[in-house]
Each structure stands twice: as C-alpha cells, then as structure tokens.
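Structural features, examined
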Amino acid sequence: MPTPNKGPRMGGSPAHERLMLANLASALFEHGRITTTESKAKRLRPYAEHLITFGKRGDLHARRQVLKRLNDKSVVHTLFAEIGPRYENRPGGYTRIIKLGNRKGDNAPMAIIELVEALTVAQQAVGEAERARGTRSAPKKAPTGATRESAEALAAESPTAAAVAAEPAEAPEAPTPAEDEVVTVSEASVDEAAGSEATEAEAPAEADAPEADAKPEGDK
C-alpha cells in the first residue's frame, strides 16, 4: 500500500480516509464549525481550504472538481454561493483550530475547527489607514483620496481612522520643466557666453589695429 504524505493514514484504507475528510468538510461548510480530534482537524484544514479556493473561483471546472470530492450538492451550492464570495478579498487562512483539551474516556486531544469571518468593509478600511500611517521601517505617507474618504467615514469607530482623517492632504508636486525647455535654456546661455567672449576678443584686436598701420615718421 502507498505511504501517505502527511502523517499516518486515518481509517483503514485510502478510500476510508477520503470519505472521512469529505464528511468532515461537508459538516464544516454546513455548520461553520465542528468539534473533532486534533489529528483530524489538522488533516481537514488544508483539505477544506483547498475546496474553498475552488469556491472562490466559481467556474464550471472548479464546481466539477468539488463535486468529485463532496457528494452533497446542497453543500457544494453553499460553498460556491455563500462561502466562496465571502472570502473573495482574503488570500488564505479560511479556517482556524482551537484546542479544547483531552476527551474523557480515551483521553484523545480535542479541538474545534471553524471558518473565520471574512474581512468586512470597515476592517479593510482600517487596515488601509494603518498601512497609510507607515511603520518604523517605512516612511510615513500622506493618505490618498480613497483612504481619506474611508477614514473620515470610520472616524467615529476607530481612533486610527480618526488620526488619518485629521492628517493634512498630500500637497501636489510642482511641475518640473520639460527636457526640451531645459536644453533650450542651456543652449541659449551657451550661445550668449560664446558671443560675449567673441566680443571681448575682437575689442583688443581693433584697438591694436591703428598701432600696426602707423608708420614711423622717418620712413617717407
């Protein structure tokens, strides 16, 4: 028999393990949280998050891939209609595991695995406001228009958003001269400097010309 990739196999065979994970994932998507052993929760987490990624895609191929693993069509509909769009703006980490301690009887470690709540509009705005304030290693930046509007809307709920809303807006940068203008000015200044040097050179030459043309009085 092939050796599993992640720890010992659950159940008596690979088919039994796949059915266990499918049943656990169906219960998780249907109820939002389930209580199971730690080992099953750790094996279920990547399996369930992979299916949620398919639910975020929402296309026909993704739906067929999920139907290969889950036999309950109502759970698949819930995954694609509710759970997938809920995590549209979340890059990962759709579930969390909370340890409960050991179970009475067999002393098995128990845990709760549940779906995390998606980021709300308010949480996203507060996150943008905190990123706009900068960190110790990054320089502080002035808030943009969209961030300022979100911060003003949430100023009463979050002190961070209120501080961002009170910051002055970023001043527009002064227009820099075009490259052609800079080149033209430099060429004009060079021409003027060359003209002044030529005039100074011609002036002493003209002054010396009469002395060169003058002949001594003795030569007649």
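Residues numbered from 1 in each chain as written. Predicted model: local features only at pLDDT ≥ 70, side-chain atom pairs only at ≥ 80, totals over all residues. Heavy atoms only, no water.

1. Notes on the overall build of the chain
Our working definition: For helices the rule is a DSSP run of H or I covering at least 4 residues; for strands it is a run of E covering at least 2, with both sets numbered from the N terminus onward. We call a residue buried when its accessible area falls under 20% of the maximum for its residue type, exposed when it is over 50%, and partly exposed in between, using a 1.4 Å probe and counting protein chains only. Between two residues, a contact is recorded if the distance between any of their heavy atoms is within 4.5 Å. Using a 1.4 Å probe, the Shrake-Rupley method yields the accessible areas, and only the shown protein chains count as cover for residues.
When you go through the chain residue by residue, the secondary structure sums to eight helices and three strands. For the chain, the sequential pattern of α-helices and β-strands runs α-β-α-α-α-β-β-α-α-α-α. Counting only residues that meet the buried cut, the chain has 27% of its 220 residues in that class. The contacts in the chain between residues at least 6 apart in sequence include a share of 53% that link residues at least 24 apart. Surface exposure of the chain reaches about 15,300 Å², of which carbon and sulfur atoms provide 53%.

2. Concerning the sheet that holds strand 3 (residues 109-115)
The pairing of strands in a sheet comes from backbone hydrogen bonds and takes either a parallel or an antiparallel form. Selection criterion: Only strands joined by at least two bridges in the DSSP assignment are considered to pair. Fitted lines through C-alpha atoms serve as axes, helices being fitted only where they are in contact, and the angles separating the N-to-C directions of these axes extend from 0 to 180 degrees.
With antiparallel pairing, three strands are arranged side by side in an open sheet as 1-3-2. Bordering the open sheet on either side are strand 1 (33-37) and strand 2 (95-102), each of which pairs with just one other strand. Shown here is a sheet whose adjacent strand axes are inclined to one another by a mean of 25°, direction ignored. In this structure, strand 2 lies alongside strand 3, joined through seven bridges in antiparallel fashion. Residue pairing for strand 3: threonine 95 is matched across the bridge by leucine 115. Each of strand 1, strand 2 and strand 3 is contacted by helix 1 (residues 14-31), which is oriented at about 145° to strand 1, the strand it contacts most. With respect to the sheet, helix 2 (residues 38-57) is in contact with strand 1, strand 2 and strand 3, its orientation differing from that of strand 1 by roughly 140°.

3. So, the side chain of glutamate 17
Its place among the elements puts glutamate 17 in helix 1. Contact partners of glutamate 17, with chain neighbours within four places excluded, come to Arg9, Met10 and Arg43.

4. Overview of the packing of aromatic side chains
This is how it is decided: Ring pairs are drawn from Phe, Tyr and Trp, using the six-membered ring of Trp, whenever the two centres fall within 6.5 Å, and their geometry is named by plane angle: stacked under 30 degrees, edge-to-face over 60, tilted for the rest. Whether a charge lies above a ring is judged from NZ of Lys or CZ of Arg, which has to be within 6 Å of the ring centre and within 35 degrees of the ring normal.
Applying the stated rule across the entire model yields one aromatic pair. Ring centres 5.2 Å apart and planes at 50° place the aromatic pair tyrosine 87 and tyrosine 94 in the tilted group. Here the basic side chain of arginine 63 rests over the ring of phenylalanine 80, its NZ or CZ set 4.4 Å away from the ring centre.

5. Digging into the environment of glycine 11
Tracing the backbone shows glycine 11 in the segment before helix 1. For glycine 11, a relative accessible area of 43% corresponds to the partly exposed category. The contact partners of glycine 11, leaving out residues within four places of it in the chain, are His16 and Met20.

6. As for the confidence of the model for the chain
The line we're drawing: As a per-residue measure, pLDDT reflects the predictor's confidence and takes values from 0 up to 100.
Scored by pLDDT, the chain comes out at a mean of 75, with 57% of its residues at no less than 70. Below pLDDT 50 for its whole length, residues 177-186 participates in one contact with residues either more than four positions away or in separate chains.

7. Structural notes on the packing of helix 2 against helix 4 (residues 73-86)
Stated precisely, the cut-off is as follows: Each angle is binned into one of four classes, with values under 35 degrees roughly parallel, values over 145 roughly antiparallel, values of 65 to 115 roughly perpendicular, and all other values oblique. Residue polarity follows a fixed list, in which Ala, Val, Leu, Ile, Met, Phe, Trp, Tyr, Cys and Pro are nonpolar, Asp, Glu, Lys and Arg are charged, and the others, Gly among them, are polar.
Packing of helix 2 against helix 4 brings their axes to within 8 Å, and their N-to-C directions diverge by 90°. In this view, helix 2 runs roughly perpendicular relative to helix 4, as classed from their interaxial angle. Taken together, the residues of helix 4 that come into contact with helix 2 (itself represented by Leu51, Ile52, Phe54, Gly55 and Lys56) are Leu79, Phe80, Ile83 and Gly84. Grouping the constituent residues of the contact of helix 2 with helix 4 by class yields six nonpolar, two polar and one charged.

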